[in-house]
Amino acid sequence: MEKWSLMTITVLLALTVRWAVSLGSYSGAGKPPMYGDYEAQRHWQEITYNLPIRQWYFNTSDNNLLYWGLDYPPLTAYHSFVCAYIAKLINPDWVALHTSRGYESQPHKLFMRTTVFVADLLVYIPAVILYCFSLKETSAKKKASTALCILLYPGLILIDHGHFQYPLSLGLALWAVLCLSHDWDLLGSVAFCLALNYKQMELYHSLPFFCYLLGKCFKKGLKGKGLVLLAKLAGTVLLSFAACWLPFGTDVEQIMQVLRRLFPIDRGLFEACMFSSPTHCPDKVANIWCSLSVLIKIKNVISPRTQLKLSFAVTFLSLLPACIKLTVQPSLRGFKFALVSCALSFFLFSFQVHEKSILLVSVPVCLIINEIPFMATWFLLVSTFSLLPLLLKDGLLLAYAVTAPAFLAVCLASFSILEKTSAEDLQLKAFSLSLKGYVSWFKSFPRIARSLFLLSLSLMGVLSVLSAAVPPPQSLPDLFPVAVAVVSCLHFLLFLVYFNVVILWDSKNRGQKKMS
């Protein structure tokens, strides 16, 4: 009874924060001609409701792909259609073909915000609650505290309920993790296939899912139960994809056009993160390519095809150690850490990364916040900070200034994170022992970790204030956004090293375990 009461309070508090953030501005509000992601979602509703499926991904007189053309997989389109059907019943003007472009009103804003709330309530929040219920050797109070920290993560709240985005792909991925934690491998595979068919960025998580399940098959023996499991998993994946793509499966050109929209390779390495204009840069991404472009104009030096090959090679090499370890020694704990490490490798090194893609790293980090609260909290704060230029552009400064410190306060109260900085608390004991003669250096590690954390917080705080309150020099209009991106990228590189050290030196990964 106490467990349910605490979780109910947790959910109500999380919903209250989401509602408060949703009262503010959204992406592109009052900024024609393209507006922003809010208009993109509304436009997809317009297109999917008014046009036949065969035209959803094609450029036509009724579907100008240069104006927020659909570039997500079929499940996003189906979801847009369902929302459009409901919108049509309330006010047909919201999804009227052509004439609804750039439609903005308070009733429509309420409707759109409500659709995000419903997605949160039906998919993402239940997955978080059930995940926390499943945590082993943890009191009801600690489970509720963990759930509260996860649900109050400001990055996801500010993007979903402020900027405007649906949490469905991340929620489905969480359901997949939850299913795998109970050995429901086939259900977990279905859930992840749905996540991948909602947003192609779920590829960030695909290798850990593949390696973990393949490792389980190897462990069971590929001449017996392992082969049966492998066949069942393959069949499940094929059937799940077939169901999602069924309306497009009758025409090869349809499938190829959808794939071209999902993976526009010809755009080059960058999405919208190029520090190339001397006067303006639209969006800043805290990955290695955008940070290096401050010094070296990569797009001017390397051809698009070479950029693609370089990106693939670096990404593959950076995630290879974690994937090999997970395949050889499959465990749920190793799986969760591999989700973090591989997603971070994709974010830092892969092709056409958007700043919001950091959420694909942050949500898996939320899953291990009870295991490494200090490092997880630190990462989640940095990931929110990395979104600052986008949040400022959307008018979400106040929401950022309230939710980020509040999240830190909740983590301090729930986990006493400043007291969890020993090598053992940070899962680095095995690594420290392997250093032999350098073990003495680890005696001062807690103090060093706390000092670096406080220094990092101070730096992020100063840059946040400067970004919000101080006009940049005319000769360097993007000074503060670029500084935010570079500082965040340096943090992420260090976190990538840390997570890989934990994975590679972790003896606990030997053998299957239930939830940590």
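Calculation rules
Within every chain, residues take consecutive numbers counted from 1 along the sequence as written. Local features are withheld for residues below a pLDDT of 70 in this predicted model, meaning they are given only at 70 or higher, and side-chain atom pairs are given and counted only at 80 or more; totals for whole chains, interfaces and linings count all residues. With hydrogens and water set aside, each side-chain value is computed from the structure's full complement of heavy atoms. By convention a nonpolar core is built from buried Ala, Val, Leu, Ile, Met, Phe, Trp, Tyr and Cys residues, the set being connected through side-chain atoms within 4.5 Å. Relative accessibility under 20% of the residue-type maximum defines a buried residue, over 50% an exposed one, and the middle range a partly exposed one, all with a 1.4 Å probe and only protein chains included. Helix numbering and strand numbering both begin at the N terminus, where a helix is a DSSP run of H or I of at least 4 residues and a strand a DSSP run of E of at least 2. A contact between two residues is defined here by any heavy atoms of the two lying within 4.5 Å. Given the number of residues in a helix, its expected span is that number minus one, multiplied by 1.5 Å. Note on bend: the value at a residue is the angle between axes fitted to the seven residues ending there and to the seven starting there. Criterion for a disulfide: a pair of cysteine sulfur atoms at a distance within 2.5 Å. Each patch is built from salt-bridge-free residues with over 30% relative accessible area, joining like charges within 9 Å and nonpolar side chains (Val, Leu, Ile, Met, Phe, Trp, Tyr) within 5 Å. Only the protein chains shown count as cover for residues, with accessible areas throughout obtained via the Shrake-Rupley method and a probe of 1.4 Å. What counts as a salt bridge is simple: a side-chain nitrogen of Lys or Arg found within 4 Å of a carboxyl oxygen of Asp or Glu. Between the N-to-C directions of two axes lies an angle of 0 to 180 degrees, each axis being a line fitted to C-alpha atoms and, for a helix, fitted only over the stretch in contact. Every angle not falling under 35 degrees, over 145, or within 65 to 115 is termed oblique; those three ranges are roughly parallel, roughly antiparallel and roughly perpendicular. What makes a crossing left-handed is the near helix being turned counterclockwise from the far one by less than a right angle; a clockwise turn instead makes it right-handed. Three classes are used: nonpolar for Ala, Val, Leu, Ile, Met, Phe, Trp, Tyr, Cys and Pro, charged for Asp, Glu, Lys and Arg, and polar for all others, with Gly counted as polar. Side-chain rings of Phe, Tyr and Trp (the six-membered ring for Trp) are treated as a pair once their centres are within 6.5 Å; stacked means planes under 30 degrees apart, edge-to-face means over 60, and tilted covers the remaining angles. When the NZ atom of lysine or the CZ atom of arginine is within 6 Å of a ring's centre and also within 35 degrees of its normal, the charge is said to sit over that ring.

(A) Representation of the nonpolar core in the model. In terms of nonpolar packing, the biggest core is built from 120 residues, with Phe347, Phe379, Phe492 and Phe499 touching the most fellow members. Looking at which element gives the most residues to this core, the answer is helix H15 (residues 332–349), with 13 residues. Not counting residues within four places of it along the chain, the set of residues in contact with Phe379 comprises Leu344, Ile358, Val361, Ser362, Val365, Phe492, Phe495 and Phe499. Ranked by size, the runner-up nonpolar core spans 34 residues in total, among them Ala84, Leu172, Ala195 and Phe248.

(B) Molecular detail of helix H4 (residues 106–133). Taking 1.5 Å per residue as the helical rise, H4 with its 28 residues ought to reach 40 Å, and the 38 Å between its terminal C-alpha atoms agrees with that figure. When the local axis directions of H4 are compared, the greatest deviation, roughly 45 degrees, occurs at Asp120.

(C) A look at the state of the cysteines. With the rule as written, the count across this model stands at zero disulfides. No disulfide involves Cys132; its sulfur sits 9.2 Å from that of Cys149, the nearest cysteine. Between Cys244, a free cysteine, and Cys193, which holds the nearest cysteine sulfur, the sulfur-to-sulfur gap is 7.5 Å. Overall, Cys244 belongs to the buried group, its relative accessible area being 4%.

(D) Spatial organisation of a nonpolar patch on the surface. Judged by side-chain polarity, Phe81, Val82, Tyr85, Ile86, Leu89 and Ile90 come together as a nonpolar surface patch covering roughly 590 Å² of accessible area. Locating Leu89 in the fold gives a position in helix H3 (residues 74–90). On the accessibility criterion, Leu89 (63% relative accessible area) is exposed.

(E) View of the environment of Leu230. Relative to the assigned elements, Leu230 resides in helix H10 (residues 225–245). Look at Leu230 and you get partly exposed, because its relative accessible area is 32%. Sequence separation between Leu230 and Phe337 is 107 residues, and the spatial gap between their C-alpha atoms is 23 Å.

(F) Structural view of unusual backbone geometry. With an omega of 10 degrees, the peptide bond between Pro32 and Pro33 qualifies as cis. With respect to the element layout, Pro33 can be found in the loop between helix H1 (2–22) and helix H2 (37–50). One non-glycine residue, Trp68, lies in positive phi territory at about 50 degrees. The residue Trp68 is located in the loop between H2 and H3 in this model. Accessibility expressed as a relative area gives 24% for Trp68, which makes it partly exposed. One non-glycine residue, Gln427, adopts positive backbone phi at about 65 degrees. Residue position: Gln427 is located in the loop between helix H19 (397–415) and helix H20 (429–434). Gln427 gets classed as buried once you look at its relative accessible area, which sits at 19%.

(G) Spatial organisation of the packing of helix H7 (residues 168–181) against helix H8 (residues 185–196). Two elements in contact, H7 and H8, have axes separated by 8 Å at closest approach and are oriented at 165 degrees. In terms of orientation, H7 and H8 fall into the roughly antiparallel class. The crossing of H7 and H8 is left-handed. Residues Ser169, Leu172, Ala173, Trp175, Ala176, Cys179 and Leu180 of H7 lie in contact with H8, whose contacting residues are Asp185, Leu187, Gly188, Ser189, Ala191, Phe192, Leu194 and Ala195. Its residues assigned to classes, the contact of H7 with H8 comprises eleven nonpolar, three polar and one charged.

(H) Representation of the packing of aromatic side chains. In total, this model carries 26 aromatic pairs according to the counting rule given. Each ring, one from Trp94 and one from Phe111, has its centre 5.3 Å from the other, and the planes form 35 degrees; the classification is tilted. Of the two residues, Trp94 sits in the loop between H3 and H4 while Phe111 sits in helix H4, which places them 17 residues apart along the sequence. Across the pair, exposure class does not vary: Trp94 and Phe111 are buried alike. Pairwise contacts between aromatic rings join Phe347, Phe374, Trp378, Phe379, Phe453, Phe492, Phe495, Tyr498 and Phe499 into one cluster. Against the face of Tyr67 rests Arg101, its NZ or CZ located 3.7 Å from the ring centre.

(I) Spatial organisation of the pattern of salt bridges. Here the structure, examined in full by the defined rule, presents ten salt bridges. We note a salt bridge from Asp120 to Arg18, for which the minimum N-O separation is 2.8 Å. In this pair, Asp120 sits in helix H4 while Arg18 sits in helix H1, placing the two residues 102 residues apart along the sequence. One salt bridge in this structure joins Lys336 and Glu371, with 3.3 Å as the shortest N-O distance. Within this pair, whereas Lys336 is found in helix H15, its partner Glu371 is found in the loop between helix H16 (359–367) and helix H17 (373–386), the two being separated by 35 residues in sequence. As far as the burial class goes, Lys336 and Glu371 line up, both buried. Here the salt bridges share partners, and the residues they tie into one network are Arg333, Lys336, Glu371 and Asp506.

(J) Region of the structure containing helix H6 (residues 154–164). Counting buried positions over the eleven residues of H6 gives eleven, a clear majority of the element. Within the sequence span of H6, burial applies to Pro154, Gly155, Leu156, Ile157, Leu158, Ile159, Asp160, His161, Gly162, His163 and Phe164.

Fair warning: the whole summary comes from geometry, so function is off the table for now.
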